[in-house]
Amino acid sequence: MLRSRLLALPVAGLMAVGLVSCGTVQVPPGPEAADPTCADIVLGAPPEVLGMEQTETSSQGTAAWGSGEDTIVMRCGVTPPGPTTDLCTTLADGNGVEVDWIVQELEGEDPGFLYTTYGREPAVDVSVPSSAAPDQPSGAALDLAQVITRNIEATERCIGPGDVQ
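Throughout, residues of each chain are indexed from 1 in the direction in which the sequence is written. Local features in a predicted model are, by the rule used here, given only for residues with pLDDT of at least 70; side-chain atom pairs are given and counted only at 80 or more, and totals for whole chains, interfaces and linings are based on all residues. Hydrogens and waters are ignored; side-chain quantities use all the structure's heavy atoms.

(A) Highlighting the environment of Pro134. For the purposes of this entry, the term helix denotes a DSSP run of H or I that reaches at least four residues, the term strand denotes a run of E that reaches at least two, and both are numbered from the N terminus. By the element assignment, Pro134 lies in the loop between strand E10 (123-129) and helix H3 (138-143). Remark: exposure states derive from per-residue accessible area (1.4 Å probe, protein chains only) relative to the maximum for the residue type, with buried under 20%, exposed over 50%, and partly exposed in between. What makes Pro134 exposed here is its relative accessible area of 63%. For Pro134 and Gly112, which are 22 residues apart along the polypeptide, the C-alpha to C-alpha distance reads 8.5 Å.

(B) Fine view of the nonpolar core. Throughout this description, the term nonpolar core refers to a set of buried Ala, Val, Leu, Ile, Met, Phe, Trp, Tyr and Cys residues connected via side-chain atoms within 4.5 Å. With 28 residues, the main nonpolar core has Trp65, Ile72, Met74, Trp101, Tyr115, Val126 and Leu144 as its most contacted residues. Any two residues whose heavy atoms approach within 4.5 Å at even a single point are treated as in contact. Aside from chain neighbours lying at most four places away, what touches Ile72 is Val49, Leu50, Met52, Ala63, Ala64, Trp65, Val126, Ser127, Val128, Pro129, Ala132 and Ala140.

(C) Representation of the sheet that holds strand E8 (residues 98-106) within the structure. What the eight strands build is an open sheet, ordered E3-E4-E5-E6-E10-E9-E8-E7; its pairing is antiparallel. Two strands bound the open sheet, and with one partner strand each, they are strand E3 (48-49) and strand E7 (87-92). We call two strands paired when DSSP finds no fewer than two bridges between them.

(D) Just the pattern of salt bridges, in detail. A pair is scored as a salt bridge if a Lys or Arg side-chain nitrogen falls within 4 Å of a carboxyl oxygen belonging to Asp or Glu. What the rule picks out here adds up to three salt bridges. Note that Glu98 and Arg157 form a salt bridge whose closest N and O atoms lie 3.3 Å from each other. Here Glu98, found in strand E8, pairs with Arg157, found in the segment after helix H4 (145-151); they are 59 residues apart in sequence, far enough to count as distant. On the accessibility criterion, Glu98 (38% relative accessible area) is partly exposed. Take Arg157: its relative accessible area is 43%, and that puts it in the partly exposed class.

(E) Spotlight on the environment of Gly94. On the secondary structure map, Gly94 appears in the loop between E7 and E8. Among the residues examined, Gly94 registers a relative accessible area of 84% and is labelled exposed. With 48 residues separating them in the primary sequence, Gly94 and Leu142 have C-alpha atoms 8.6 Å apart.

(F) Quick peek at helix H2 (residues 36-44). Turning to H2, its buried residues number three or more, namely Thr37, Cys38 and Ile41. The buried residues of H2 all sit within an arc of 100° when viewed along its axis, so they share a single face. Seen from the buried face of H2, the exposed residues on the opposite side, beyond 90 degrees, are Pro36 and Leu43. Check the buried side of H2 and you find it contacts strand E6 (72-78) and H4. Looking at where H2 begins, the residue whose side-chain oxygen comes 2.8 Å from the main-chain nitrogen of Thr37 is Asp35. Think of it as the arc spanned by the lines of direction from the helix axis to the C-beta atoms. N or O atoms closer than or at 3.5 Å make up a polar contact, with two conditions inside protein: a donor-capable atom paired with an acceptor-capable one, and, for residues adjacent in sequence, both atoms drawn from side chains.

(G) Looking closely at unusual backbone geometry. The residue after Glu121, namely Pro122, is reached through a cis peptide bond having omega 5°. The topology assignment puts Pro122 in the loop between strand E9 (112-117) and E10. Positive phi values are uncommon outside glycine, yet Leu50 reaches one of about 50°.

Now the structure itself:
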């Protein structure tokens, strides 16, 4: 539980940071943002997520869509999550492309959700403010499934208590 709170603190700060400065979204990079795979992820990122257009970011290995408080932010090269008791779920897009995500609810001044890929390195996280997707925040993660699976192979899967033997 403490680990999930510690992980949420930098991301909550990320969302609270002045998101737009001269039209560029200010995003701190992940520790492994220079991984060449992250360049492929960013270059292959869709031009729209949840119907919002992509906008420029300040850091390597990052992408963003939307503006102001409604900005969805993707960071590649974040620390891969280890085993956790946080919600881990498999999301499949309309084409059956599946990605496992650790899902954390962000509270405070900028509530929303943080999705972090599970079982893939480098790991990718996606912060989705509640204001950007009040009904279906997982849609942002689904919009990114294709680019993630094209570039990063899954080496582990989410499991639940019923899967452990």
